[in-house]
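Below are the chains, spelled out letter by letter.
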Amino acid sequence: MDAIPETAEITVKPLALDRLYRPADLSRLAFATTADLEPIDGLVGQARAAEAIDFGTRVEHPGFNLFVIGPQGARMQDAVKALLVAQAATKPRPNDWVYVNNFTDPERPIAIELPPGRARAFQQAMHELIDDLQSALPAVFQSEDYQTRRGAIDEAFQRKQAEAFAALREKAGTQDIGILRTPLGFALAPVKEGQVVPPDEFATWPEARRQAVQAAIATLEKDLEHIVHQIPKWEKQRRDEVRELNRETAKFAVDQQIDEAKADFTDIARVTRHIETVRADLVENVAMFVAKGEEGEEGVDELRPGTPFDRYEVNILVTQDGREPGVPIIEELHPTLGNLIGRIEYLSRRGVLTTNFRLVKAGALHRANGGYLLLDARAVLMEPFSWTALKRTLRRGEIAIEDISRFIGLTSTASLEPDPIPLKVKVVLFGDRLLYFLLAAYDPELGEHFKVLADFENDLARTPETEAILARLVAGIAGRNGLRPFDRDAVALVLEHAARLADHAGKLSLVVEQLREVLIEADFCARDAAREVVARSDVESALAARIRRAARIRDRAQEVILEKVALIDTAGTHVGQVNGLSVTELGGFAFGRPTRITCRVRPGSGKVVDIEREVELGGPVHSKGVLILSGFLAGHYALDTPMSLFASLVFEQSYAGVEGDSASSAELYALLSALAEAPLRQDLAVTGSVNQHGAIQAIGGVNEKIEGFFDICRARGLTGTQGVLIPEANVQHLMLRADVIAACEAGSFAIYPVATIDDGIALLSGRAAGRRATDGRYPPDSLNGQVEARLRAFASIRRDFARQGGKDTGP
Amino acid sequence: MTMAAHGFKRIVLRLQPRVPDRTARLAVELAELLDLDLLGLFLDDTSLRDLASLPFARELRTLGGGWQPLDIERLSRELDTAARSAERLFAEMAQRIPARCRFEVVRGSPRTAIEATSRVGDIVVILEPGSPSERFTDQFSWLSDAAFRSAAAVLLVPPRIARTIGPIVAVAAAPDDPCIDTALVIAAAAKEELVVIEAHADAGPGAPLPAMATERGVRVRRVSLGPAGAANTALLAGALERIPVRLIVLTQGAFDRAVATAIASAQQVPVLVLEPRPPDAASERAASL
């Protein structure tokens, strides 16, 4: 391994300490602990989303429902709910809704709207009405007056029959003719001494007598026929009279009670109309109240759930009775179709599923009607039929309860089609951004129903003012969760952690849930330490513990490097080899680790081979980064010569996929090193992507990458020369761990901001990259000059080879 | 006095194709209360067979069909079917006291069948038809006449029974009217109150009550109508109106059959009509009670 050249001209200097970490500035807030701070709830740093929510909740037109998107853990629901609570309280309570029986078509229950809070009174009034009638009606029908009139009707009927039959019997008797009952009717026969004349005896009678008897019977048969034909008419007449009497009696008993029940609802026409329908039905079906005899017939009603009197009851679907003023805010966590649009329940009676209007149950849309319905978009999409039902309901502008089991053929029993209920609700869907963008791309109806997008920010700009706001948010979280107060230093560390979470020293994360978790864990540490106030050390302990709990994979990865299973040098130099850095994120925990990148070159057809891509381990972005290297070479060196290079690049000991272009600068350094045969320092690690002009571009996860290499170096012993080259654009993102900063402060580790490939290669090789002189050539001893010379040499070899008639079959 | 003091041994229930539940229950309950046998009697009416054998015989079918010839074979089949149906019905009714129940098919005219079957110690149940058309048939008339002429007591059952609980009423035409004893036995067995309606001249609070009333703890109430009571049915009906009666017991002779039928019909409760006590038995009564 080559020694580090000491004569190199290095222009890139290590970053100053103040660029590695930006401490919190709480100078705008005077407080000792969070108990002194006025807490903040709701939307912090979300002006864009707040404006959208404000607009979306106030605009009244259909389709202007809200789709709220943002990062996981931003607690969008809580923030939006807090905003809605204030708005909801200013609006009048929506109306109550009930379902009542449809007496003409029981399968289509009738929906009635009542002023807020009146449904319970209506239900009570109807219940009491029926309760009273259950005792009042039988009493009226058992009264002497009724029984007398009823008896008179029955008696008149009986008398008519009796008189007719008595007359017939008398007439027959005078002629010794008897009336007999046969199994199917009546017959007339000659009788003598209390029995029918036996046939043998009849045969002995003189012909004249037999003829006379037959003639008499023939005459009497006509009379009998006439009477028997009259009976159904008399019976009908009797039934009509009884029915009319029952109607009159029932009306007399019912009228007063109905009028009393109606008195409280004269202002609601729909209710009074229904009560009138009940009156008519009661009069027609009074037998239900009166006939409790043992002779009761088993009919269809026997299969109906509940009692026959249930038909007069009121099913309260939604009531505002007992609710706070204002419109409802309903959050449905399990938006199945039934939970969303309501459902029709069934009862099993004798093995048959039956239902009625009382088994119609409200859904979240009913409960939220007039107010706000909060739904998680992913949950809605995961439930069969819910998403389409929600859109259909919003388009119809009314809630129609659909029995899904019928659609999919699970039941074939008779069901209900309740009246649809007009819908006036503001639906607020919550989801992550990907879900929203996918829906927007694939569901053309999304825009029709969710016209207002509220996009929550992941972070906000970090200024003393915003830090003060976040400190109050911390106070709010601590207060709401019953945590100990946090002292000033602890709050400062929480804010600094918020910046780290934002991956930016100049920003603060707004992912409130992540902050809340840290606060709770810090409170736990303070409790263990028997402190009344959470100190900075508690926050540090909590953060360290969080990492410790999640870092098993990181530790194993570092272990294999330290055990030289994975080959990573942290000292010396090597041609065509460089330490790249990658970030792995598993289960919400991200860590960096170094990866050896190597390059081999030889004459060829101008191709830079990305081995990762060849074996399909490289993703498209990574491949793009490698192809950019060809562009860089083509634009920088030997412009007058065909590119005659074959180079292969590989991430050594990488057995999983590689994606991203953050290692493209490292790959270029390895390529240049290989071409120039210039050894590169192995005590440095590199991250950053590169463009075709050689400019180093920003990458993600810079803190984790630096810390990943630092951990390996520290474990092996810091040499004082070790460090990491990062894109200059990433300096603003640095919020490094305290131990890294301490090492930098001690001069045993360094972070180098690099803007160009020339800066980086100079630092890594210890040699100036070299600039083209006025003659257009790089200085021969510069690294660029050596690269160009090598490329020209490759071209020359190739030309010679072609001239000698060699067939170019190389790569 | 023993439980058999009432002198009954058997209830004879004529089974028709359709016997109302309450009537069936009444017969079974009474048999149970008084520890009696129950005879289910199906009458294979020969008067119908005789009629069917006449060349001009035909029937008017009430449920449509008009006049149809009476075919003796069809009639026989229908009667056989009805007999089997009656037997099944009786078996169901008799489940509570299977050992004491017997079913019998008796062939003959209604009159001869009852005369042949009923005897002293029987209670013949006569179910009053609900329809006047049935009531005015000769068969019912013959049946009813035969029952009243027989040595058996007759239980007149109205088409609809208003009550199954309440006092047992004895309508006594004389201080020693046997209906008082019978009603007392039934009241004791049924644990009901006994109401004695006194329709005779000796009525009054001073008249003695049967000793068993005290022995059995039967509560006895007296309603006095005076000597006119037996003749004045309106007076009797007025008295009965005021009592939520379960069963009325009276003695044939003091009241004619029409009165008993009218009471059963008006009060909608069963009326048990007893045979008058033979003169010699009446004289022994004081000693046995």
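Residues numbered from 1 in each chain as written. Chains lettered and ligands numbered in written order. Predicted model: local features only at pLDDT ≥ 70, side-chain atom pairs only at ≥ 80, totals over all residues.

## Details of the overall build of chain B
Across its full length, chain B holds 11 helices and 12 strands. Here chain B holds 289 residues, and the buried ones make up 46% of them. Counting contacts in chain B only where the partners sit at least 6 residues apart, residues at least 24 apart contribute 76% of the total. (Helix = DSSP H or I, 4+ residues; strand = E, 2+ residues; numbered from the N terminus. Buried ≥ 20, exposed ≤ 12 C-beta atoms within 10 Å, placed from the backbone. Contact = placed C-beta atoms within 7 Å.)

## A few points about the overall build of chain A
Across its full length, chain A carries 27 helices and 29 strands. Looking at chain A alone, contacts between residues at least 24 apart form 78% of all its contacts between residues at least 6 apart.

## A word on the sheet that holds strand β20 (residues 577-586) of chain A
Backbone hydrogen bonds are what pair the strands of a sheet, in a parallel or an antiparallel way. All names here are of chain A. Pairing within the open sheet is mixed, and its seven strands lie in the order β22-β23-β21-β20-β25-β28-β29. Edge positions in the sheet fall to β22 (607-610) and β29 (750-754), since each of these pairs with one other strand and no more. Mean inter-strand twist for the sheet, computed between neighbouring axes without regard to direction, equals 30 degrees. Sheet analysis places strand β28 (residues 723-727) next to β29, joined by five bridges and oriented parallel. Opposite P727, over in β29, you have V754 as the bridge partner. (Pairing = 2+ DSSP bridges. Axes fitted to C-alpha atoms, helices over the stretch in contact; angles between N-to-C directions.)

## Quick notes on the sheet that holds strand β7 (residues 329-332) of chain A
All names here are of chain A. One open sheet holds the five strands; their spatial order is β7-β12-β15-β1-β16, and the pairing between them is parallel. Every interior strand has two partners, whereas the edge strands, β7 and β16 (452-455), have only one. Shown here is a sheet whose adjacent strand axes are inclined to one another by a mean of 20 degrees, direction ignored. With four bridges joining them, strand β1 (residues 66-69) and β16 adopt parallel strand pairing. Opposite F67, over in β16, you have L453 as the bridge partner. In the packing of helix α2 (residues 76-89) onto the sheet, contacts are made with β1, β7, β12 (372-376) and β15 (426-431), and the angle to β7 comes to roughly 155 degrees.

## Considerations on helix α7 (residues 178-190) of chain B
Residues and elements named next belong to chain B. With 13 residues, α7 ought to run about 18 Å at 1.5 Å a step, and its terminal C-alpha atoms sit 18 Å apart, in line with that. By the criterion of burial, α7 is predominantly enclosed, with 12 of the 13 residues buried. Those residues of α7 lying buried are P178, C179, I180, D181, T182, A183, L184, V185, I186, A187, A188 and A190. Taken from the residues just after α7, K191 is the one with a positive phi, measuring 55 degrees. (Expected span 1.5 Å × (residues − 1).)

## Looking at the interface of chain A and chain B
The partner chain B presents 28 residues to the 31 residues of chain A that form the contact. Elements that contribute at least two residues to the side of chain A that touches chain B include exactly α4 (144-174), β4 (177-181), β5 (185-190), α5 (199-204) and α6 (207-263) of chain A. A per-class count over the side of chain A that touches chain B returns 19 nonpolar, eight polar and four charged. Pairing of β5 of chain A with strand β3 (residues 58-61) of chain B involves three bridges; the strand directions are antiparallel. Paired with G185 of chain A across the bridge in β3 of chain B is R61 of chain B. (Nonpolar A, V, L, I, M, F, W, Y, C, P; charged D, E, K, R; others polar.)

## Here's the deal with the packing of helix α22 (residues 620-636) of chain A against helix α23 (residues 664-676) of chain A
Residues and elements named next belong to chain A. The contact between α22 and α23 brings their axes to 9 Å, and the two run at 45 degrees. One element, α22, and the other, α23, form an angle in the oblique class. Pair α22 / α23 crosses with right-handed handedness. Here G625, V626, I628, L629 and F632 of α22 come into contact with α23, specifically with S664, E667, L668 and L671. (Parallel < 35°, antiparallel > 145°, perpendicular 65-115°, else oblique. Left-handed = near helix turned anticlockwise from the far one by under 90°.)

## Notes on the packing of α6 of chain A against helix α7 (residues 269-284) of chain A
Residues and elements named next belong to chain A. Two numbers describe how α6 lies on α7: the axes approach to 9 Å, and their chain directions differ by 160 degrees. The angle between the axes of α6 and α7 places the two elements in the roughly antiparallel class. Of the two elements, α6 crosses α7, and the hand of that crossing is right-handed. Every residue of α7 that contacts α6 at R247, A250, K251, V254, I258, A261 and K262 is listed here: T272, I275, R279, L282 and V283. Within the contact of α6 with α7, the residues separate by chemical class into seven nonpolar, one polar and four charged.

## Some thoughts on the pairing of strand β7 (residues 153-157) of chain B
All names here are of chain B. Among the five residues of β7, five are classified as buried, and the element is accordingly described as predominantly covered. Burial of the side chains of β7 extends over both faces: A153, L155 and V157 are buried on one face and V154 and L156 on the other. Where strand β6 (residues 122-127) and β7 come together, five bridges link them in parallel fashion. Of the residues in β7, the one forming a bridge with V125 is L155. Relative to strand β12 (residues 271-274), β7 is paired through three bridges, and the arrangement is antiparallel. Within β12, the position partnered with L156 by the bridge is V271.

## Observations regarding the nonpolar core
Core analysis: the biggest nonpolar cluster contains 189 residues, and V68, V474 and V494 of chain A have the highest contact counts within it. If near-sequence neighbours (up to four positions away) are discounted, V68 of chain A is found in contact with M76, V80, V428, L429, F430, A454 and F456 of chain A. Grouped together as the second largest cluster of nonpolar side chains are 81 residues, L155, V157, V169 and I180 of chain B included. (Core = buried A, V, L, I, M, F, W, Y, C linked by C-beta atoms within 7 Å.)

## A few points about the environment of E128 of chain A
All names here are of chain A. Counting through the fold element by element, E128 comes out in helix α3 (residues 119-142). Given 13 C-beta atoms within a 10 Å radius, E128 is considered partly exposed. Residues E128 and E313 lie 185 residues apart in sequence; the distance between their C-alpha atoms is 9.6 Å.

## With respect to the environment of V578 of chain A
Residues and elements named next belong to chain A. Mapped onto the elements of the fold, V578 is located in strand β20. Taking the number of C-beta atoms within 10 Å as the measure of exposure, V578 has 32 and is therefore buried. Along the chain, V578 and T598 lie 20 residues apart, while their C-alpha atoms are 6.5 Å from each other. Dropping the residues within four chain positions of it, V578 is found in contact with I597, A666, Y669, A670, L680, V686 and L764.

## Some points on the confidence of the model for chain B
Residue and element names in this part refer to chain B. When the pLDDT values of chain B are averaged, the result is 82; 87% of them are 70 or greater. Overall, residues 282-289 carries pLDDT values under 50, and its contacts beyond four positions in sequence, including any with other chains, amount to seven contacts. Note on the complex model: pTM 0.69, ipTM 0.85. (pLDDT = per-residue confidence, 0-100.)

## A short note on the pairing of β20 of chain A
Residue and element names in this part refer to chain A. In this sheet, strand β21 (residues 589-603) lies alongside β20 in antiparallel orientation, the contact comprising 10 bridges. By the bridge assignment, Q577 is partnered in β21 with T598. What sits between β20 and β21 in their antiparallel hairpin is a turn of two residues, with G587 showing a positive phi close to 60 degrees. Of the pairings in the sheet, the one linking β20 to strand β25 (residues 684-686) comprises two bridges and is parallel in character. Across the sheet, the residue bridging to G580 is V686, located in β25.

## Focus: the environment of A99 of chain B
Residue and element names in this part refer to chain B. Residue placement: A99 occurs in the loop between α3 (72-93) and β5 (101-108). Judged by the 7 C-beta atoms lying within 10 Å of it, A99 is exposed. For the pair A99 and L38, spaced 61 residues apart in sequence, the C-alpha separation works out to 9.5 Å.

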